[in-house]
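# Notes for the structure review
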Amino acid sequence: MKINAAEISDIIRQQIKNYDREVDVAETGTVLSVGDGIARVYGLDQALSGELVEFSNGIQGLVLNLEADNVGVAIMGEDLHIREGDLVRRTGQILQVPVGEGLLGRLVNALGEPIDGKGAVEASEMRRVEVKAPGIVKRQPVTEPLQTGIKSIDSMTNIGRGQRELIIGDRQTGKTAIAIDTILNQRDTGVRCIYVAVGQKQSTVAHVVEKLREEGALEYTTVVAACASDPAPLQFIAPYTGTAIGEWFRDNGQHALIVYDDLSKQATAYRQLALLLRRPPGRQAYPGDVFYLHSRLLERAAKMSDAEGGGSLTALPIIETQEGDVSDYIPTNVISITDGQIYLQKDLFNSGQRPAVDPGISVSRVGGAAQVKAMKQVAGGLRYSLAQYREVEAFSQFGSDLDQATRDQLANGERLTIILRQPQYKPLSVAEQVVQLFAATPQEGVRPSWVRNVPVDKVPRYAEELLQFLRSQHPSILAGIDERKELTADLKASLEKALDEFANVFQAEPSA
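Residues numbered from 1 in each chain as written. Predicted model: local features only at pLDDT ≥ 70, side-chain atom pairs only at ≥ 80, totals over all residues. Heavy atoms only, no water.

### A word on the sheet that holds strand 11 (residues 191-198)
- Taken in spatial order, the eight strands make up an open sheet running 8-12-11-13-14-10-15-16, and their pairing is mixed. A strand with exactly one partner marks an edge of an open sheet, and here the two such strands are strand 8 (107-108) and strand 16 (363-364).
- Bridge count for strand 10 (residues 166-169) against strand 15 (residues 340-344) is four bridges, and the pairing is parallel. Bridge pairing links I167 to I342 in strand 15.
- Contacts from helix 8 (residues 329-337) reach strand 10, strand 14 (312-320) and strand 15, with the element oriented near 155 degrees to strand 10. (Pairing = 2+ DSSP bridges. Helix = DSSP H or I, 4+ residues; strand = E, 2+ residues; numbered from the N terminus. Contact = heavy atoms within 4.5 Å. Axes fitted to C-alpha atoms, helices over the stretch in contact; angles between N-to-C directions.)

What follows is the structure, given as structure tokens:
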């Protein structure tokens, strides 16, 4: 056979041309079975736990189970178009989401993808949704208050920046209302907010977003939504996505607040995933690591040390109870993880006490360390006074012969309870809370409270008109409390004089 020199030179030239061309080698597997958002895949022997894989139709999945002959994949989307025998490709990436200032004012899903119709998200970087919580050396004690604008919380169960405070109660008792009011109160404070909706109706999420927009709070808030119609894997991963977004602000020296609404539904979604993956069920059919599900999430909320930038991430997880049972499995788990809880009681809510905070069960383990001094001065004995009032109130129902001291205690307690009522979407500044509580607090042996002689049904109007009076006639008092964060002797004297002056002009019956 005669060798043609031209052919040989063509072959050599072709090999030289393609010498540096890279070959795309991807490990692929095959779908063995699919259903209820879970796919069993054969052939991905090198897959990592938490790794993203891609199905032939473009939908992504999250590797959760690594077994001897297959891997269990949670499908991050609809599984209707995935069939047995479809190819599955490894991506080599752990689940990441976009983070940064560009997410403020946006509504995204659990994968960080925009769902508000405003175009692509301008992300500063990509971050893993699951990272290790900062160690104790990188943290510092919680000493800086995060004001909710709600009297009954800022006075008795105050929250600090970097704290984890649980909001717990039955359905329809105002848990979300407290969280939304807290977000509204962060206006002009520099605190960035993340609201994570897990298992909520789409209409409920739309209402929350619209309210935030109306109040001008959406510009510093990111909403992460995994609604009730979304697959369980998205509901499971959404809180971690929100935390990754909040951690970017924390690690850049800023302050962030994250609301998980609610973690009961996340636990339910995780239980569904675990049972479909055939993990061994434990108490109430939850998997054995359901405690770790929430602990590794909430431990990421922290106040960082000055060496780490001094930023903070404050967490407000919400848990829904059944018939007020706080001793149930998931509630006790989250109570043991958090730094206190705000308990909302159904009976208080139905009786018109809103927010329906029960001061007996509610507690903040940070205590006065993260409370403004002016608030400490007026609210120091508030919890004790309310406890005494509840006790005397229960006792007074059995007898009519009460001495004057007991009648005074009942009258003061009743008015103090009403002063703690607050309309929704109307958070108050620290100074405004202080003056209202000061007006409702008697001084033993010195004077009764200024509201003592105000008819009970007129107390709400008294509280509102008092603030209007001080804003117009004595603005220096409110400004002084805001500036000094303390009720100094001169401020106290000015406030007492102003309250005496207002007592003379306040009319229990407004003129026609």
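### Details of the pattern of salt bridges
- Under the criterion given, the structure shown has 27 salt bridges.
- A salt bridge links E101 to R192; the nearest nitrogen and oxygen atoms lie 3.8 Å apart. You can see E101 sitting in the loop between strand 7 (96-99) and strand 8 and its partner R192 sitting in strand 11, a full 91 residues away along the chain.
- By relative accessible area, E101 is classed as partly exposed at 33%.
- Residue K265 is joined to D262 by a salt bridge in which the shortest nitrogen-to-oxygen separation is 3.0 Å.
- Relative accessible area serves as the criterion here: at 24%, K265 is assigned to the partly exposed category.
- Among the ionic contacts, a cluster of salt bridges with common partners joins E125, R127, E247, R250, D251 and R300. (Salt bridge = Lys/Arg side-chain N within 4 Å of Asp/Glu carboxyl O. Buried < 20%, exposed > 50% of the residue type's maximum accessible area, 1.4 Å probe, protein only.)

### Brief notes about the sheet that holds strand 3 (residues 51-55)
- One closed barrel holds the six strands; their spatial order is 1-2-5-4-3-6, and the pairing between them is antiparallel. Across the sheet, the mean angle from the axis of one strand to that of its neighbour is 45 degrees, orientation sign disregarded.
- By the bridge criterion, four bridges tie strand 3 to strand 6 (residues 87-94) in an arrangement that is antiparallel. Counterpart to F55 in the pairing with strand 6 is V88.

### Here's the deal with the pairing of strand 11
- The buried fraction of strand 11 is high, at seven of eight residues.
- With seven bridges joining them, strand 11 and strand 13 (residues 255-261) adopt parallel strand pairing. Residue pairing across strands places C193 opposite L257, the latter belonging to strand 13.
- Inspection of the sheet shows strand 11 paired to strand 12 (residues 221-226) by six bridges, in the parallel sense. The residue bridging Y195 from the neighbouring strand is V223, located in strand 12.
- What joins strand 11 to strand 12 is helix 4 (residues 202-214), and the crossover it makes is right-handed. (Right-handed = clockwise from strand over helix to strand, strands pointing away.)

### Considerations on the side chain of T241
- Considering the arrangement of structural elements, one finds T241 in helix 5 (residues 232-251).
- Not counting the four nearest positions on each side in its chain, T241 is found in contact with V97, N109, A110, G112, V129 and V224.

### A word on the state of the cysteines
- Taken as a whole and judged by the stated rule, the model has zero disulfides.
- The thiol sulfur of C193 is not disulfide-bonded, and the nearest other cysteine sulfur, from C227, lies at 20 Å.
- Under the relative-accessibility criterion, C193 is labelled buried at 0%. (Disulfide = S-S within 2.5 Å.)

### Considerations on the packing of aromatic side chains
- Applying the stated rule across the entire model yields nine aromatic pairs.
- With 5.9 Å between their ring centres and 65 degrees between their planes, F236 and Y240 make a pair best called edge-to-face. Residue F236 and its partner Y240 are located together in helix 5, separated by four residues, close to a single helical turn. Both residues of the pair, F236 and Y240, count as buried.
- The structure contains a cluster of three or more aromatic residues connected by ring pairs, namely Y462, F469, F502 and F506.
- Here R296 stacks its cationic end above the ring of Y292, 4.9 Å away from the centre of that ring.
- Taking NZ or CZ as reference, R354 lies 4.0 Å from the ring centre of F349, over its face. (Phe/Tyr/Trp six-rings, centres within 6.5 Å; stacked < 30°, edge-to-face > 60°. Lys NZ or Arg CZ within 6 Å of the ring centre and 35° of its normal.)

### Structural notes on the layout of surface pockets
- Estimated volume of the largest pocket: approximately 850 Å³.
- Forming the boundary of the largest pocket are 32 residues, of which Q172, G174, K175, T176 and A177 lie nearest the centre.
- Sorting the residues of the lining of the largest pocket by element identifies helix 3 (175-184) and helix 4 as the ones contributing at least two each.
- Classifying every residue of the lining of the largest pocket by side-chain character gives 12 nonpolar, 10 polar and 10 charged. (1 Å grid on protein atoms, 1.4 Å probe; cavity = no way out; pocket = protein on both sides within 12 Å on 5 of 7 lines; lining within 4 Å. Points joined across faces, edges and corners; volume = space filled by probe spheres on them. Nonpolar A, V, L, I, M, F, W, Y, C, P; charged D, E, K, R; others polar.)

### Concerning empty space enclosed by the protein
- Scanning the entire structure with this criterion turns up two cavities of 30 Å³ or more.
- Here the largest cavity defines a volume of roughly 80 Å³.
- Every residue along the wall of the largest cavity is listed here: S152, M156, L348, Q353, P355, V357, P359, L386, R390, T417 and L420.
- Going through the elements one at a time, helix 2 (151-156) and helix 11 (382-396) are the ones with two or more residues in the lining of the largest cavity.
- P145, L146, Q147, D154, N158, I159, A370, Q371, V372, M375 and V430 are the residues that line the second largest cavity.

### Details of unusual backbone geometry
- Between D261 and D262 the backbone carries a cis peptide bond, its omega angle lying at -5 degrees.
- Mapping D262 onto the fold places it in the loop between strand 13 and helix 6 (263-276).
- With an omega of 5 degrees, the peptide bond between R354 and P355 qualifies as cis.
- Turning to its location among the elements, P355 is positioned in the loop between helix 9 (346-350) and strand 16.

### Some remarks on the nonpolar core
- Core analysis: the biggest nonpolar cluster contains 57 residues, and L62, L95, V196, F236, I237, Y260 and I330 have the highest contact counts within it.
- Looking at this core element by element, the count peaks at 10 residues for helix 5.
- Once you skip the residues sitting within four places of it in the chain, L95 turns out to touch G50, L52, L62, M76, L111, R127, R128, V129 and I237.
- Formed by 41 residues, the second largest nonpolar core is a distinct cluster that contains L382, L428, F438 and L467. (Core = buried A, V, L, I, M, F, W, Y, C linked by side-chain atoms within 4.5 Å.)

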